[in-house]
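Inside the fold
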Amino acid sequence: MTEPIIDPFRRVMPRAGMIDLSPMMAILALLVMQQLVAMLVAPA
C-alpha cells in the first residue's frame, strides 16, 4: 500500500548501511506538500 509513495525515494536515495531512510523522506515530502496546499487554499 505504501510502495507507490516510498519506491521513488528508494530509487533516488542511497542506503545508509542497514537503515532505509526513504520512509522518513516520503513523510517529510508529504508534510511539505500538505503545507503548500494549505497555503494555496487559504492565503493569509
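What this report covers is the structure whose coordinates are included nearby. (Residues numbered from 1 in each chain as written. Predicted model: local features only at pLDDT ≥ 70, side-chain atom pairs only at ≥ 80, totals over all residues. Heavy atoms only, no water.)

Residues Leu 28, Val 32, Leu 36 and Met 39 make up a contiguous nonpolar surface patch of roughly 380 Å² in combined accessible area. Take Met 39: it is sitting in helix H2 (residues 22-41). Judged by its relative accessible area of 55%, Met 39 is exposed. (Patch = residues over 30% accessible without salt bridge, like charges linked within 9 Å, V, L, I, M, F, W, Y side chains within 5 Å. Areas by Shrake-Rupley, 256 points an atom, 1.4 Å probe, with all protein chains shown as cover. Salt bridge = Lys/Arg side-chain N within 4 Å of Asp/Glu carboxyl O. Helix = DSSP H or I, 4+ residues; strand = E, 2+ residues; numbered from the N terminus. Buried < 20%, exposed > 50% of the residue type's maximum accessible area, 1.4 Å probe, protein only.)

Right, let's get into the pattern of salt bridges. Per the counting criterion, the structure on display carries three salt bridges. A salt bridge links Arg 11 to Asp 7; its shortest N-O distance comes to 2.8 Å. In this pair, Arg 11 and Asp 7 are both assigned in helix H1 (residues 3-12), four residues apart and thus about one turn of the helix distant. Between Asp 20 and Arg 10 there is a salt bridge, with its nearest N and O atoms 2.8 Å apart. Here Asp 20, found in the loop between H1 and H2, pairs with Arg 10, found in helix H1; they are ten residues apart in sequence, far enough to count as distant. The exposure class of Asp 20 is partly exposed, given its relative accessible area of 27%. Look at Arg 10 and you get partly exposed, because its relative accessible area is 35%. Sharing partners across several salt bridges, the network here consists of Glu 3, Arg 10 and Asp 20.

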